[in-house]
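# Observations on the model geometry
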Amino acid sequence: MPELPEVETLRRGLEPFLVGARIDGVTLNRPDLRFPFPPGLAQAVTGQSVLSVGRRAKYLLFTLSGGQTLLSHLGMTGSWRFADRTVDAPRYHATGAAPRHDHMVWDISHPDHGHSHLIYADPRRFGFIDLYGDPSESPYLAGLGPEPLGNDFNATRLALAFMSKKAPIKAALLDQRVVAGLGNIYVSEALYRSHILPTVPAGALVDEAGAPRPALEALVVAVRDVLNAAIVAGGSTLRDFRNAEGASGYFQHNFLVYDREDEPCPTPLCPGHITRIVQSGRSSFFCPLCQKASWPA
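We now turn to the structure provided with this report. Within each chain, residue numbers correspond to sequence positions counted from 1 in written order. Local features in this predicted model are restricted to residues whose pLDDT is 70 or higher, and side-chain atom pairs enter the listing and the counts only when it is 80 or higher, whereas totals over whole chains, interfaces and linings include all residues. Remark: hydrogens and water are excluded; side-chain values derive from all non-hydrogen atoms of the structure.

## Quick look at the pattern of salt bridges
- Any carboxyl oxygen of Asp or Glu that lies within 4 Å of a side-chain nitrogen of Lys or Arg is treated as forming a salt bridge with it. Within this structure, the stated rule accounts for 13 salt bridges.
- A salt bridge links Arg-22 to Asp-24; the shortest N-O distance between them is 2.7 Å.
- A salt bridge links Arg-177 to Asp-175, with the shortest nitrogen-to-oxygen separation between them at 3.0 Å.
- What emerges from the salt-bridge pattern is a single network uniting Glu-8, Arg-11, Arg-12, Glu-15, Arg-55, Arg-56 and Glu-147.

## A few points about helix H4 (residues 155-162)
- Of all the positions in H4, only Ala-155, Leu-158, Ala-159 and Phe-162 are classed as buried. Along the long axis of H4, the arc covered by the buried residues comes to 105°, so they all point the same way. Opposite the packed face of H4, turned more than 90 degrees from it, sit the exposed residues Thr-156 and Leu-160.
- Residues count as neighbours in contact if any of their non-hydrogen atoms are within 4.5 Å of one another. A helix here means a DSSP run of H or I that spans at least four residues, while a strand means a run of E at least two residues long, and both kinds are numbered starting from the N terminus. Where the residues of H4 are buried, they touch helix H5 (169-174) and helix H7 (214-232). Remark: exposure states derive from per-residue accessible area (1.4 Å probe, protein chains only) relative to the maximum for the residue type, with buried under 20%, exposed over 50%, and partly exposed in between. The arc in question is the one traced by the directions running from the helix axis out to the C-beta atoms.

## A few points about the sheet that holds strand S2 (residues 50-56)
- Strands qualify as paired when DSSP identifies two bridges or more between them. Pairing in this open sheet of 4 strands is antiparallel, and the strands run S2-S3-S4-S8 from one edge to the other. A single partner strand is all that each edge strand has here, and the edge strands are S2 and strand S8 (128-132). Strand-to-strand twist in this sheet, taken as the mean axis angle between neighbours without regard to direction, amounts to 20°.
- Bridge count between S2 and strand S3 (residues 59-64): 6 bridges; the pairing is antiparallel. In the sheet register, Gly-54 faces S3, and the bridge partner there is Leu-61.
- Axis definition: a line fitted to C-alpha atoms, over the contacting stretch in the case of helices. Angles run 0 to 180 degrees between N-to-C directions. Docked against the sheet, helix H1 (residues 4-18) engages S2 and S3, running at close to 170° with respect to S2.

Treat this as a map of the structure, not an account of what it does.
Below you can see the structure in the form of structure tokens.
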């Protein structure tokens, strides 16, 4: 499933060509994805301009000139891509049928970039689209924690959330109420970089006075570093992710532990090998020698 770096990569690819564009028409090639499209979606957004392309956690947010916001979750295989009319027109009009997995097509015009299609494709249809007059009305955005790349994400705030918490640190970080947008891949990578075992109780990273231990401070830095590096690399493509130009990400080539079971630990002089366990139905990868379970008081 695309995680925060993949969604942010897609947002950055869409923004320069979509902000300021007018939606001249919308074609829905099926009635639903994971959930039905909002009633009257095509009519509601046609004629509106896109004011901004934002992101909250793993959701894309398209702010429209009519005061509405369209929310998009990619699910496992969703993607948005631009296609030029001159190239794509035969695909849509010669046979009267769209490619099988192109479920929604926007016909857009931009004062600087001309006319094009913006296509939402989703082979497995686990993604979904919603439309709101105000993003605060969305149940998907309610209760989300701070953005891990924002100023509100810090060790002090995490210490408050983790105090006396017995849940494993990996599960705690995947709780979207604690921090928004973190996923399985990047949590595994951040825990390795901060030398913390994924099985450690989250509360062990907080001292008796409720202050963050140095390991928790290191974890915050590692989370930021991993996410920023992944965004620079265009995200990770393990199977399906594509950016707005249809290209794959490259950060999967920089994984230190994720999907590297039985490989030597990349830490210099460490004799360990990467181990895989399953936590809450998800694979965790770590070095049992480099990553620790306790720290001095």
